[in-house]
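Chain by chain, the residues run as shown.
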Amino acid sequence: METSPDKDTRIPSKIGDRATSDVVVRIRTDQARDEWFYCHSHILTENCKYFSERLSENWPTCQILDSRNCVEVYCQESEFNHHVTFLRFLYVVQDDPETDNLHGVRNAIGILQVAFELGCQRLVFACVGYLEAVPWEEAEEEEILRIIPRLGSQAESILARLQPVDPVAIRRIFISSLSFATSSPPESMNDLKCSAQEQLEYMITEDDDAPLVAADDEIKSVVIECIRSLLTRFYGLLESYLCGREEWILQAGKIQTLRSYLSDLSWASQILVKLETMKEFVHSWVEASEKIVKVVENARPDADMLETKLKVIEVVAKVLEAIGYGTVILPTSKRLHMVKLWLPFVRRTKPLVDSVVKNGDDVPPFAIDGELWQSLESAIVSIVLALPSGDQAEILTDWLGTEHVQYPDLTEAFEVWCYRSKVAKRRLALLGSTCGISGSMTLS
């Protein structure tokens, strides 16, 4: 509280003390609200430019009651409480700890606007210091962005946490996060790893704003190197399974480690797709596919291993999409190998996953991407349609003879194959007569 310098007794002045006040502050709103506050001119003029000007000898003041001066302040109804709080803070001495607590971000923003408009630098600085130091919710942050820029340079420091970061610093944190996210940390740090992976993906995603990190050659090289290291550790784990005793593969800890690697590789494949750098990953996965299938197929078919197989399929889907849609070009022999190897695996695994989901509780025992099976099926169809017609016929014959004919559904490939086969001779004969193709050309 402030004391009156005009009195030897140094009696504290209090807002609303009618006996000692010499000025009335009349706060009026756009909705006809009109309230009077008994105040003291020496406090108002010492702390506030607006009141200092209005109560000066150069300003014609009006008398309202008991020879008191009257100063009117107009505001919006929503700003009324902030004006009242502002008046009360004028009565708080400068070093009082109450000025450190403005009772919430929204309240501080409101008081800051009043202090800025009425010219009270002490409260402007107090509000700025408070808003710089406390956390904001998203809605409060939006309000700060809307209001603070209008208040000039003295409030700019509030926006320091929202300023763009130097690109060099952004790249450093990206690379540091990437190293951690692909380092296969202990299981106890899974939440932190998942958070890092989510933010890395967000940093390179183009949405309403440009990506936070530009996918230049340097960034792509760092990403590829980190994922290459992850693949190396994954393949080393596969080798330890294949070289060890058969029962070792069933140990829960080992299965958890395998699943963790696969989860990281599933995420890594999404990053590589966004960066358009899937080539090395696809070639590496193609070469290791037989080992991967051997390891997961030899394991006991329990719920843990089924979840692991599902993780394998998540990665396979990304690899087959890259092959099927021409993102990564492979020779015919390798494309045919991938279909013959993974088609039976997918065909056997999906019914097992479906049965667990149907027979389980309302919440499945493991997360399932609703679009996974559809995207995988589309990729397989695309690969099959790009194979020589004789290879297509072999795959379709096997498909029609299996009990799992419903998935993957190769009906589209079958229809296209039938049409192409029926018109093949006529098409090529017509092409031969036009282009001089030898009549000895054989058809598959």
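Everything in this summary refers to the structure shown in the same document.

Thresholds applied
Residues numbered from 1 in each chain as written. Predicted model: local features only at pLDDT ≥ 70, side-chain atom pairs only at ≥ 80, totals over all residues. Heavy atoms only, no water. Core = buried A, V, L, I, M, F, W, Y, C linked by side-chain atoms within 4.5 Å. Buried < 20%, exposed > 50% of the residue type's maximum accessible area, 1.4 Å probe, protein only. Helix = DSSP H or I, 4+ residues; strand = E, 2+ residues; numbered from the N terminus. Contact = heavy atoms within 4.5 Å. Pairing = 2+ DSSP bridges. Phe/Tyr/Trp six-rings, centres within 6.5 Å; stacked < 30°, edge-to-face > 60°. Lys NZ or Arg CZ within 6 Å of the ring centre and 35° of its normal.

What about the nonpolar core?
Generally speaking, soluble globular proteins have nonpolar side chains that are buried together. Judged by nonpolar contacts, the single largest core of 81 residues is most densely connected at Phe234, Leu258, Trp285, Trp342 and Leu376. Here this core takes 12 residues from helix H12 (residues 303-324), the largest share from any one element. Among all residues touching leucine 258, those that are not within four sequence positions of it are Phe234, Leu237, Leu238, Tyr241, Val295, Val296, Met305 and Thr308. Judged by nonpolar contacts, the second largest core, of 46 residues, contains Val25, Cys48, Ala108 and Cys127.

A few points about the pairing of strand S6 (residues 68-75)
Among the 8 residues that make up S6, 6 are buried, leaving the element largely enclosed by the rest of the structure. Relative to S6, strand S3 (residues 23-29) is paired through 7 bridges, and the arrangement is parallel. Bridged to arginine 28 within S6 is tyrosine 74.

A few points about the pairing of S3
Of all 7 residues making up S3, 6 are buried, and the element is well covered by its neighbours. Once S3 ends, the chain turns through 4 residues before running back antiparallel as strand S4 (residues 34-39), passing alanine 32 with a positive phi of about 70 degrees.

Observations regarding the environment of lysine 14
One can find lysine 14 in the loop between strand S2 (12-13) and S3. Spatially, the C-alpha atom of lysine 14 lies 8.8 Å from that of arginine 88, the residues being 74 residues apart in sequence.

Remarks on the packing of aromatic side chains
Evaluation of the coordinates by the stated rule reveals 9 aromatic pairs. Aromatic side chains tyrosine 50 and phenylalanine 51 sit 5.4 Å apart centroid to centroid with 70 degrees between the ring planes, which places their arrangement in the edge-to-face category. A residue is classified by how much of its surface remains accessible, and phenylalanine 51, at 1% relative accessible area, is buried. Each ring, one from phenylalanine 281 and one from tryptophan 285, has its centre 6.4 Å from the other, and the planes form 10 degrees; the classification is stacked. On the criterion of helical spacing, the pair formed by phenylalanine 281 and tryptophan 285 is a turn pair, its members being 4 residues apart in helix H11 (residues 279-297). For the pair shown, phenylalanine 281 and tryptophan 285 are each scored as buried. An aromatic cluster of three or more residues is present, and its members are Phe234, Tyr235, Tyr261, Phe281, Trp285, Trp342 and Phe345. Residue placement shows arginine 33 over the ring face of phenylalanine 80; its charged tip is 3.7 Å from the ring centre. Between lysine 350 and the ring centre of tyrosine 407, over which it is positioned, the NZ or CZ distance is 5.2 Å.

Quick notes on the environment of glutamine 76
Turning to its location among the elements, glutamine 76 is positioned in the loop between S6 and helix H3 (80-90). Taking the C-alpha atoms as reference, glutamine 76 lies 9.7 Å from arginine 33; in sequence the two are 43 residues apart. Each residue touching glutamine 76, except ones within four places of it in the same chain, is listed here: Thr29 and Asp30.

Looking at the side chain of glutamate 143
Position of glutamate 143 among the secondary structure elements: in helix H6 (residues 138-147). Overall, the relative accessible area of 17% leaves glutamate 143 in the buried class. Setting aside residues no more than four positions away along its own chain, glutamate 143 makes contact with Arg106 and Ile109.

Focus on H3
The element H3 is largely enclosed, with a buried count of 8 among its 11 residues. For H3, the set of buried residues is Phe80, His82, His83, Val84, Phe86, Leu87, Phe89 and Leu90.

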